[in-house]
Amino acid sequence: NMANKKFPPEILKMIEEELSRFTELNESHPDYNIQRNFLELITALPFGVKSPDNFDIKHARKLLDEDHYGLDEVKNRILEFIAVAKLKGSIRGKSLLLVGPPGVGKTSIASSIARCLNRKYVRIALGGEHDVSVLKGHRKTYIGAYPGRLVQALKTSDTENPVILLDEIDKISSGMRGNLQDTLLEILDPVQNVKFTDHFLGTPIDLSNVLFVCTANLSE
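Structural notes, computed from the coordinates. Given the structure is predicted, the values throughout are model-derived calculations rather than measurements.

Here we look at the nonpolar core
Within soluble globular proteins, side chains that are nonpolar generally end up buried alongside one another.
Step number 1: Within the largest apolar cluster, 35 residues are counted, with the highest numbers of intra-cluster contacts made by L150, I205 and L207.
Step number 2: Secondary structure elements with two or more residues in this core: α1 (9–23), α2 (32–44), β2 (121–125), α6 (133–136), α7 (149–157), β3 (163–167), α8 (180–188) and β8 (211–216).
Step number 3: Among the elements that take part in this core, α2 stands out by supplying 5 residues, more than any other.
Step number 4: With residues up to four places along the chain from it excluded, the contact list for I205 reads I11, F47, V151, L154, N193, V194, K195 and F196.
Step number 5: With 22 residues, the next largest nonpolar core counts I82, L98, C116 and L211 among its residues.

As for the environment of K58
Step number 1: In this fold, K58 is placed in helix α3 (residues 57–67).
Step number 2: Along the sequence, K58 and C214 sit 156 residues apart, while their C-alpha atoms lie 25 Å from each other.

A look at the packing of aromatic side chains
Step number 1: Enumeration according to the criterion identifies 3 aromatic pairs in this entry.
Step number 2: For the pair F7 and F47, a centre-to-centre distance of 5.1 Å together with 45 degrees between the ring planes defines the contact as tilted. Here the residue F7 occupies a position in the segment before α1, and F47 occupies one in the loop between α2 and α3, the gap between them amounting to 40 residues.

Quick look at the packing of α1 against α2
Step number 1: Axis separation between α1 and α2 bottoms out at 10 Å; the angle between their running directions is 150 degrees. Comparing the axis directions of α1 and α2 gives the class roughly antiparallel. Judged by the sense of rotation from one axis to the other, the crossing of α1 with α2 is left-handed. Taking contact as the criterion, the partners of I11, M14, I15, E18, L19, R21 and F22 in α1 are, on α2, Y32, Q35, R36, F38, L39, I42 and T43.

A short note on the packing of α3 against helix α5 (residues 106–117)
Step number 1: At a closest axis distance of 9 Å, the pairing of α3 and α5 adopts a crossing angle of 150 degrees. With respect to α5, the element α3 is oriented roughly antiparallel. Seen from above, α3 lies across α5 with right-handed handedness. Each of H59, A60, L63, L64, E66 and D67 in α3 lies in contact with α5, whose residues at this interface are S112, R115 and C116.
Step number 2: For the contact of α3 with α5, the residue count by class is 4 nonpolar, 2 polar and 3 charged.

What counts as what
Residues numbered from 1 in each chain as written. Predicted model: local features only at pLDDT ≥ 70, side-chain atom pairs only at ≥ 80, totals over all residues. Heavy atoms only, no water. Core = buried A, V, L, I, M, F, W, Y, C linked by side-chain atoms within 4.5 Å. Buried < 20%, exposed > 50% of the residue type's maximum accessible area, 1.4 Å probe, protein only. Helix = DSSP H or I, 4+ residues; strand = E, 2+ residues; numbered from the N terminus. Contact = heavy atoms within 4.5 Å. Phe/Tyr/Trp six-rings, centres within 6.5 Å; stacked < 30°, edge-to-face > 60°. Axes fitted to C-alpha atoms, helices over the stretch in contact; angles between N-to-C directions. Parallel < 35°, antiparallel > 145°, perpendicular 65-115°, else oblique. Left-handed = near helix turned anticlockwise from the far one by under 90°. Nonpolar A, V, L, I, M, F, W, Y, C, P; charged D, E, K, R; others polar.

This is how it looks when you write it as structure tokens:
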């Protein structure tokens, strides 16, 4: 799993510690599978693996016109966004929000943005969610623990810099298990997301290379 990847020193140190602990466990030990799942997940994450960005404006215009008829205001805004990224040489620290009624094409535009930039695309539906563990996962000491959907999205995309769509962020609510809005702030804030901590991993990972596109029906 670790071939051709660049692991940050602190992650590498943690993997080595967990691996030495794992080799001492007997297969019948209750922690054996938990430890194995953890090691399989963290070594499968795409540390240091990125898809090369494409900031070609003409190429982006062509793809947007192929995928969507009309919507000139939205397309021009996306082209402006790509043009600024081209000048800066990166998209780090930026996110987009698409607001509009259901069925106008917000989700498919997010997919088109990923195509324009030559990035992998992953959608996370947040409508009706109220449990922080959806995005931050469970601590691995719990039975049936699993990582949050952001970590799963990174694993699925197999790159550090996918386009992740956070769908229907205006439909989240706060419940007994924390407030998802606070977690979203941690994910979208470029100062905080360089050290995003998933409960299952228990170590900070860098989300600053991800382009987050959010959708909502109501701007309020």
